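Structure at a glance
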Amino acid sequence: MDPTAAAVRKAGAEVQLTALEYRLLLLFAQSQGRLVTREHVRNAIWDSAGEYVSDNTLNVYVKRLRDKIEDDPTNPKLVLTVRGLGYKAGPVAEGGAR
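Residues numbered from 1 in each chain as written. Predicted model: local features only at pLDDT ≥ 70, side-chain atom pairs only at ≥ 80, totals over all residues. Heavy atoms only, no water.

1. Thoughts on the packing of aromatic side chains
Put simply, the test is: Classification of ring pairs uses Phe, Tyr and Trp, with its six-membered ring standing for Trp, and accepts pairs whose centres are within 6.5 Å; under 30 degrees between planes counts as stacked, over 60 as edge-to-face, and the remaining range as tilted. In our convention, an over-ring charge means Lys NZ or Arg CZ found within 6 Å of a ring centre and within 35 degrees of that ring's normal.
With the rule as written, the count across this model stands at one aromatic pair. The ring of tyrosine 61 has arginine 64 lying over it, and the distance from NZ or CZ to the ring centre is 5.4 Å.

2. Section: unusual backbone geometry
Note the threshold: Under the scheme used here, helices are H or I runs from DSSP no shorter than 4 residues and strands are E runs no shorter than 2 residues, and both carry numbers assigned from the N terminus. In this scheme, a residue with accessible area under 20% of its type's maximum is buried, one over 50% is exposed, and one in between is partly exposed, where area comes from a 1.4 Å probe on protein chains only.
Located in the positive-phi region is alanine 11, a residue other than glycine, with phi close to 50°. For alanine 11, the location among the structural elements is in the loop between β1 (9-10) and β2 (13-14). Exposure remark for alanine 11: the relative accessible area of 68% places this residue in the exposed category.

3. Observations regarding helix α1 (residues 19-30)
We count it as follows: The span you would expect from a helix comes to 1.5 Å times its residue count less one. Residue contacts are defined here by distance: any two heavy atoms, one from each residue, within 4.5 Å place the two residues in contact.
Here α1 is twelve residues long and its end C-alpha atoms lie 16 Å apart, about the 16 Å a rise of 1.5 Å per residue gives. All of the buried residues in α1 are Leu20, Glu21, Tyr22, Leu24, Leu25, Leu27 and Phe28. Buried positions along α1 lie against β3 (35-37), α2 (38-46), α3 (55-69), β4 (79-82) and β5 (86-89).

4. Describing the pattern of salt bridges
This is how it is decided: Salt bridges are counted wherever a side-chain nitrogen of Lys or Arg sits within 4 Å of a carboxyl oxygen of Asp or Glu.
Scanning the entire structure with this criterion turns up three salt bridges. Taking the shortest distance from any N to any O, the salt bridge between lysine 63 and aspartate 67 comes out at 2.9 Å. Taken together, the residues lysine 63 and aspartate 67, both in helix α3 and four residues apart, mark about one turn of the helix. The class for aspartate 67 is partly exposed, based on a relative accessible area of 40%.

This is the structure in structure tokens:
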């Protein structure tokens, strides 16, 4: 992940993310190893739009992000779910999404 260029690479290839997916990934990367509550994610990502975002909407965006950055989205290693609480960013492995 290169925040200065707003670019994400996986195995050397650029990953095309929407602006919202990129902001979501950036939030997780900045919080690596710490719990990020669902409420915090909603407030940090959507607060400026002033819209209510449901848990289902957040689930969809996290799934789309995982589909793009995880080697196996059904067994995520980079964006982990903490059941009933929120999310936690896992370590970035060599050769993983950056």
